[in-house]
Amino acid sequence: MCTLEQHGNVFVLTLTGDDEHPLGLPLIASLSSAVASAKAAAASAGPGAALVTVAEGRFFSNGLDIGWAGTSRTRLMELADALRPLAADLLALPMPTVAAVTGHASAGGFLLALCHDYRVMRADRGVLYMSEIDIGLPLPSYFVSMFRAKVTAANALRDVLLRGTKLRAAEAKEMGIVDAVCPGPTETVAKAIKLAEQLAARKWDGDVYASIRISIFPEACKSVGIVEESDEEKVKNFASRM
Amino acid sequence: MATQNLCTVKRRGRVHLITLTGAGEHRLNPALLSAIRSAVAASAGAGALVLAAEGKYFSNGFDQAWARTAPRHLQATMGGEFRGLVADLLALPMPTVAAVTGHAAAAGCGLVLAHDAVIMRGSRGFLYMSEVDAGLKLVDFFAEVFREKVPDAINRRDLLLRGGRMAAPEAVLRGIVDKAVDGGVEDVVNAAVAEAEKLAARGWDGEVVAEIRKAAWPNLWSKVKDYGADAPAAAARPRL
């Protein structure tokens, strides 16, 4: 379902297979485990790591596994509840994160991409798309929190959530949702890894990096269950750093 | 404390101009913060305020060398004094303009953003949020300055999470700074004073300016208001 590889100080998390990578319980568990492994490996390696998430095939991910959920709202909620801690793990990850949007990223798949610090996307195919409005599904509140935190350009939030606009890479970049656009999937992955290498090379303290990330959008982090450190906890290491 | 060495105060027309003096880094320690707060308090009756600096630096942030030697309660005072300065600026009954005449790093950058308008030297000097490089976390009220005042998620990320030095042209493009001014320090100061004079000329009721500003940045105001000069419990204010 997914693999984790280490290339130097960059962890590459790959959603494997040619399918839509629907976020069902098995894939979510697999991703969670891989993210935890990356975190553990980085902890023992010392400062200077980064994560890149890529996907094989035409899809990055088409979101929560609606096929499995069927008409069961209970099952859908179960999936949303399972994805939430994965989102939290990514937002609290003690290293910079880059999503290589190598294919369609819709609904929960779009959210997954948004849970990364940076997004690189292919120009030739694939869209970012919040399909919920078209399908008639309400959004979990933490989804909305994340979009409110990260999609801040004028009218972008409305277009994405309320109009079901399908964004190609160029438009997504203009909206500030994607950072770099590459011609095809190979270049996208290469660029994402290169960016990750540059970020990892800064050798930032991962705990500090994650803390600063959380302090940029604390409400969204709270919505996925992250408990932000108190000021007292934050300043504990000040004396030794000064 | 001999505050006259640390900053000067001048009136230019309706503008109250505070200048951090000397060619040093204008590191924010309790002495300098106290001097700036006194200078800000002395603005009563003016139509607008400008904060500028001499030399290569606007301010390079907190005085870490001092903090290393000082006991913890003094470090807390520094956090309280800086918080108080932000509160004083937010509550000031006149428009405020930061003249970023040189480098503004960490708390120095935060101080810039606590102003209504920012004029920056075009060809020299940068904004640099050094905390990620230095391994320092952002306490809540300090992060709030950036959450409220830096437009757009991408700009907040790029300023806080990349450890990059941002020069004026980029800062203007990103909407973090209002205007870049060519020339030297004096040109930047003159431009900031001119901008402040234009704002003063609007003849706004100062109390209304303060109330609207506090309402526009309510999260930041709520986190600093207990530290301001006008705070009811000024004598017994909470420490970090």
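Residues numbered from 1 in each chain as written. Chains lettered and ligands numbered in written order. Predicted model: local features only at pLDDT ≥ 70, side-chain atom pairs only at ≥ 80, totals over all residues. Heavy atoms only, no water.

Going by an unreviewed UniProt entry, chain B carries the name Delta(3)-Delta(2)-enoyl-CoA isomerase and comes from Eragrostis curvula. Recorded under Pathway (unreviewed entry), the UniProt text for chain B is reproduced unchanged: "Lipid metabolism; fatty acid beta-oxidation." Its UniProt record, at the heading Sequence similarities (unreviewed entry), says of chain B: "Belongs to the enoyl-CoA hydratase/isomerase family." (UniProt positions renumbered as here; feature names shortened; annotations may be inferred.)

Going by what an unreviewed UniProt entry lists, chain A is known as Delta(3)-Delta(2)-enoyl-CoA isomerase and is assigned to Eragrostis curvula. Word for word, the UniProt comment on chain A under Sequence similarities (unreviewed entry) is "Belongs to the enoyl-CoA hydratase/isomerase family." Under the heading Pathway (unreviewed entry), UniProt records this for chain A: "Lipid metabolism; fatty acid beta-oxidation."

Glancing now at the sheet that holds strand β3 (residues 48-53) of chain B. Residue and element names in this part refer to chain B. Within the open sheet, the six strands sit side by side as β1-β2-β3-β5-β7-β10. Their pairing is mixed. Either end of the sheet is taken by a strand with one partner, and the two such strands are β1 (7-12) and β10 (179-181). Adjacent strand axes in the sheet meet at a mean angle of 20 degrees when their direction is disregarded. Relative to strand β2 (residues 15-20), β1 runs antiparallel, the two sharing six bridges. Bridging from a neighbouring strand, V9 pairs with I18 of β2. (Pairing = 2+ DSSP bridges. Helix = DSSP H or I, 4+ residues; strand = E, 2+ residues; numbered from the N terminus. Axes fitted to C-alpha atoms, helices over the stretch in contact; angles between N-to-C directions.)

Here we take up the interface of chain A and chain B. The interface is formed by 31 residues belonging to chain A together with 27 residues belonging to chain B. Summing the contributions of chain A and of chain B, the shared interface buries around 2900 Å²; its carbon and sulfur component is 58%. Inspection of the chain A/chain B interface yields four salt bridges. A salt bridge links R202 of chain A to D133 of chain B; the shortest N-O distance between them is 3.2 Å. Of all the secondary structure elements, the ones that give two or more residues to the side of chain A that touches chain B are β7 (118-122), α6 (141-150), α9 (185-200), α10 (206-216), α12 (231-234) and α13 (238-241) of chain A. Counting residues per element, the side of chain A that touches chain B draws most heavily on α10 of chain A, which supplies eight residues. (Contact = heavy atoms within 4.5 Å. Buried area = accessible area lost by both parts, 1.4 Å probe. Salt bridge = Lys/Arg side-chain N within 4 Å of Asp/Glu carboxyl O.)

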